[in-house]
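A closer look at the structure
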Amino acid sequence: MRQVFADESITAVVVLGEREPAKQLNQGPGRANRVVFAPGDESGGAGEYAAARNPGRNPRPVRTLVALSRVYVWAYDGAAPNSEEAQYEAVWVLHDRTISAIHRKAHGTYQVTAPRWTNKVTERAFGKELVFMLQLEVPILERPIPTAPGIEPVVTTRLAASPDDITGEVGCECP
């Protein structure tokens, strides 16, 4: 996601961690303007196991973990700090770019829940923040199977290069 943001000249900071949503020192340029991935749900659940997808590869997927993460999107428009409308627009723009980046990197393997506001209603809030749940399918792979006795395969991973590329795969090549 950081690379997608860099490629699109989005200056928001992207961080990972359970303690990150409460921090103030991880703000992006212009303050706020960050996306936080906090593993798990609010009750501590990490996800659920599901059947393997795309069997027949080497290494073979034995299960799929549908991993959970809370995604916090916090934005602030410093040009109009007293305008609630400007703060809503700032957070929705960053939200849309975040969903687009997730889609570009994980299309076909993710779901998101409806976002909710985290801000308490105050006279003057510092920007706006949304949070939503991301469910990401992560393969659990078996050890690679040698293709011939005494030869260990070289495992290569290639992710999809674009949303139109559906050939992202884990493959095996013999030395």
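Let us look at the structure shown here. Please read these numbers as outputs of a predicted model, since none were measured by experiment.

Cut-offs used in this document
- Residues numbered from 1 in each chain as written.
- Predicted model: local features only at pLDDT ≥ 70, side-chain atom pairs only at ≥ 80, totals over all residues.
- Heavy atoms only, no water.
- Helix = DSSP H or I, 4+ residues; strand = E, 2+ residues; numbered from the N terminus.
- Buried < 20%, exposed > 50% of the residue type's maximum accessible area, 1.4 Å probe, protein only.
- Contact = heavy atoms within 4.5 Å.
- Areas by Shrake-Rupley, 256 points an atom, 1.4 Å probe, with all protein chains shown as cover.
- Core = buried A, V, L, I, M, F, W, Y, C linked by side-chain atoms within 4.5 Å.
- Phe/Tyr/Trp six-rings, centres within 6.5 Å; stacked < 30°, edge-to-face > 60°.
- Polar contact = N/O pair within 3.5 Å; in protein donor to acceptor, adjacent residues only side chain to side chain.
- Salt bridge = Lys/Arg side-chain N within 4 Å of Asp/Glu carboxyl O.

1. A short note on the overall build of the protein chain
Within the protein chain, the regular secondary structure consists of two helices and nine strands. Its helices and strands in sequence order give the protein chain the pattern α-β-β-β-β-α-β-β-β-β-β, from N to C terminus. The buried share of the protein chain, taken over its 175 residues, is 33%. Pairs at least 24 apart in sequence give 56% of the contacts found in the protein chain among residues at least 6 apart. With the model as given, the accessible surface of the protein chain reaches about 10,700 Å², and the carbon-plus-sulfur share is 54%.

2. Section: the nonpolar core
The nonpolar side chains of soluble globular proteins are, as a tendency, buried together. With 20 residues, the main nonpolar core has Phe5, Val35, Phe37, Val71 and Leu94 as its most contacted residues. Only helix H1 (2-7), strand S2 (34-39), strand S4 (61-75), helix H2 (84-106) and strand S7 (128-141) provide two or more residues apiece to this core. If one sorts the elements of this core by residue count, H2 sits on top with six residues. For Phe5, the contacting residues outside a window of four places in its chain are Ile10, Ala12, Val14, Val35, Leu94, Arg97, Thr98 and Ala101. Grouped together as the second largest cluster of nonpolar side chains are five residues, Val36, Ala38, Tyr72 and Val131 included.

3. Topic: the packing of aromatic side chains
Scanning the entire structure with this criterion turns up four aromatic pairs. The interplanar angle of 20° and the centroid separation of 4.0 Å between the aromatic rings of Tyr76 and Phe126 together place this pair among those described as stacked. With Tyr76 in the loop between S4 and H2 and Phe126 in the loop between strand S6 (116-117) and S7, this residue pair connects regions lying 50 residues apart in the sequence. Tyr76 gets classed as buried once you look at its relative accessible area, which sits at 13%. Ring centres of Tyr88 and Trp117 lie 5.1 Å apart, and the angle between their planes is 85°; on these two criteria the pair is classed as edge-to-face. Of the two residues, Tyr88 is situated in helix H2 and Trp117 in strand S6; the sequence distance between them amounts to 29 residues. Three or more aromatic residues link up through ring pairs in this structure, and these residues are Trp74, Tyr76 and Phe126.

4. A few points about the side chain of Asn33
Relative to the helices and strands, Asn33 resides in the loop between strand S1 (13-16) and S2. Residue Asn33 is classed as buried on the basis of its relative accessible area of 15%. Among the polar contacts made by the side chain of Asn33, one reaches the main-chain amide nitrogen of Tyr76 at a distance of 3.2 Å.

5. Topic: the environment of Pro81
Among the secondary structure elements, Pro81 is positioned in the loop between S4 and H2. Residues Pro81 and Gly127, spaced 46 residues apart in sequence, show a C-alpha to C-alpha distance of 7.6 Å.

6. As for the pattern of salt bridges
Counted according to the given criterion, the structure contains eight salt bridges. Measuring nitrogen to oxygen at the nearest pair gives 3.4 Å for the salt bridge that ties Glu8 to Arg97. Residue Glu8 is located in the loop between H1 and S1, and its partner Arg97 is located in helix H2; the two are separated by 89 residues in the primary sequence. Among the charged side chains, a salt-bridge network with shared partners connects Glu8, Arg97 and Arg104.

7. Describing the environment of Gln27
Along the polypeptide, Gln27 turns up in the loop between S1 and S2. For the pair formed by Gln27 and Trp74, sequence separation is 47 residues and the distance between their alpha carbons is 8.9 Å.

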